[in-house]
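Fold and geometry: a report
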Amino acid sequence: MAKPPKVLILNGPNLNMLGVRETAIYGTDTLADIERTCTRRAKELSLAVDFRQSNLEGELVTWIQEARTGADGIVINPGAYGHTSIALLDALRMADKPVVELHLSNIHRREAFRHHTYTSQAATGVICGFGAHGYVLALEAMAELISEKDRA
Ligand code: CA2
């Protein structure tokens, strides 16, 4: 049987603190809870997931570069680096894969400095404001994008 397409799910800085503080904004799920939910939904969608988090911009860049040959699509919650990082934008552009950016919170209802993300310029689509369920929505969108690509 053919191997399932692989989706790299990347999480940026401070997302390892989910469920511990700021639960009114980001919800009560921990990142480990979200990883379990993603693994379960990915299986139903016949996808494999590689779920990672880093507080280091360069490490995220390296993982995106590796995805050029190691993954079929990238889901990324870039955290605050989405608002600041041209390096992540460049890496995502070079990846040449479907990219879904997601944010737990609705960044457009928050401070003005959160309204713009560099990374969204490299994203096929952006999901925000649905809390942890956004990861499930991102995987569902990714399943569709990968199968569209396979049909092309
Ligand atoms: O809404 C999102 O998912 C964000 O990407 C989360 C980032 C924030 O900088 C973006 O503007 C929107 C922050 C993640 C920090 O997560 C924390 C979790 C618990 C306690 C403190 C921070």
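Note that this is a predicted model, so its numbers are computed, not measured.

**Quick notes on the overall build of the chain**
Counting its regular elements, the chain contains 6 helices and 5 strands. Of the regular secondary structure in the chain, the N- to C-terminal order runs β-α-α-β-α-β-α-α-β-β-α. Rg of the C-alpha trace for the chain: 14 Å, near the compact-globule value of 15 Å for 152 residues, within the 12% margin. Counting the 152 residues in the chain, one finds 43% classified as buried. Sequence separation of at least 24 residues holds for 77% of the intrachain contacts in the chain that already meet a minimum separation of 6.

**Digging into the nonpolar core**
Ranked by size, the top nonpolar core spans 22 residues in total, and within it Val-7, Ile-9, Val-75 and Tyr-135 carry the most contacts. Within the residue set of this core, elements represented by two or more residues are β1 (6–11), α2 (31–44), β4 (99–103) and α6 (133–151). Of all the elements, α6 adds the most residues to this core, at 7 residues. Other than its neighbours up to four places away in sequence, Val-75 contacts Val-7, Leu-8, Ile-9, Leu-10, Val-100, Leu-102, Ala-138 and Met-142.

**Here we look at the site of the ligand**
Around the ligand lies a shell of 17 residues, among which His-83, His-103, Leu-104, Ser-105 and Arg-114 are the nearest. Between an oxygen atom of the ligand and a side-chain N or O atom of His-103, the distance comes to 2.9 Å. Leu-104 is positioned such that a nitrogen or oxygen atom in its backbone is 2.7 Å from an oxygen atom of the ligand. Calculation on the ligand without its partners gives an accessible area of 510 Å², and the protein chains cover 92% of this total. Assessed atom by atom at 2 Å from the grid points, the ligand resides in the largest pocket. Across the shell around the ligand, the residue classes break down as 8 nonpolar, 6 polar and 3 charged.

**Thoughts on the pattern of salt bridges**
Once their charged atoms are close, side chains differing in charge can pair, the charge on each being opposite to the other. Tallied over the full model, the rule gives 6 salt bridges. Here Asp-50 makes a salt bridge to Arg-52, at a shortest N to O gap of 2.8 Å. Across the pair Arg-114 and Glu-111 runs a salt bridge whose closest N-O atoms are separated by 2.8 Å. The class for Arg-114 is buried, based on a relative accessible area of 17%. Through salt bridges that share partners, Arg-41, Glu-44 and Glu-140 make up one connected network.

**Looking at the state of the cysteines**
By definition, a disulfide links two cysteine residues through a covalent bond between their sulfur atoms. Counting across every chain of the model gives 0 disulfides. In this model Cys-38 remains outside any disulfide bridge; the closest cysteine sulfur is found in Cys-128, 17 Å from its own. Cys-38 sits in the buried class, given a relative accessible area of 0%. The class for Cys-128 is buried, based on a relative accessible area of 18%.

**Concerning α2**
Taking 1.5 Å per residue, 14 residues should reach 20 Å; α2 reaches 20 Å between its end C-alpha atoms and fits that length. Those residues of α2 lying buried are Leu-31, Ile-34, Cys-38 and Ala-42. Down the axis of α2, the buried side of the element spans an arc of 65°, and every buried residue falls inside it. Opposite the buried face of α2, by more than 90 degrees, sit the exposed residues Arg-40, Lys-43 and Glu-44. On the buried face of α2, the contacting elements are β1, β2 (48–53) and α6. Positioned one or two residues after α2, Ser-46 has a phi angle of 60°, which is positive.

The rules we used
- Residues numbered from 1 in each chain as written.
- Predicted model: local features only at pLDDT ≥ 70, side-chain atom pairs only at ≥ 80, totals over all residues.
- Heavy atoms only, no water.
- Helix = DSSP H or I, 4+ residues; strand = E, 2+ residues; numbered from the N terminus.
- Rg over C-alpha atoms; globule rule 2.2 N^0.38 Å.
- Buried < 20%, exposed > 50% of the residue type's maximum accessible area, 1.4 Å probe, protein only.
- Contact = heavy atoms within 4.5 Å.
- Core = buried A, V, L, I, M, F, W, Y, C linked by side-chain atoms within 4.5 Å.
- Near = heavy atom within 4 Å.
- Polar contact = N/O pair within 3.5 Å; in protein donor to acceptor, adjacent residues only side chain to side chain.
- Areas by Shrake-Rupley, 256 points an atom, 1.4 Å probe, with all protein chains shown as cover.
- 1 Å grid on protein atoms, 1.4 Å probe; cavity = no way out; pocket = protein on both sides within 12 Å on 5 of 7 lines; lining within 4 Å.
- Sits in = over half its atoms within 2 Å of the grid points.
- Nonpolar A, V, L, I, M, F, W, Y, C, P; charged D, E, K, R; others polar.
- Salt bridge = Lys/Arg side-chain N within 4 Å of Asp/Glu carboxyl O.
- Disulfide = S-S within 2.5 Å.
- Expected span 1.5 Å × (residues − 1).
- Arc of directions from axis to C-beta.

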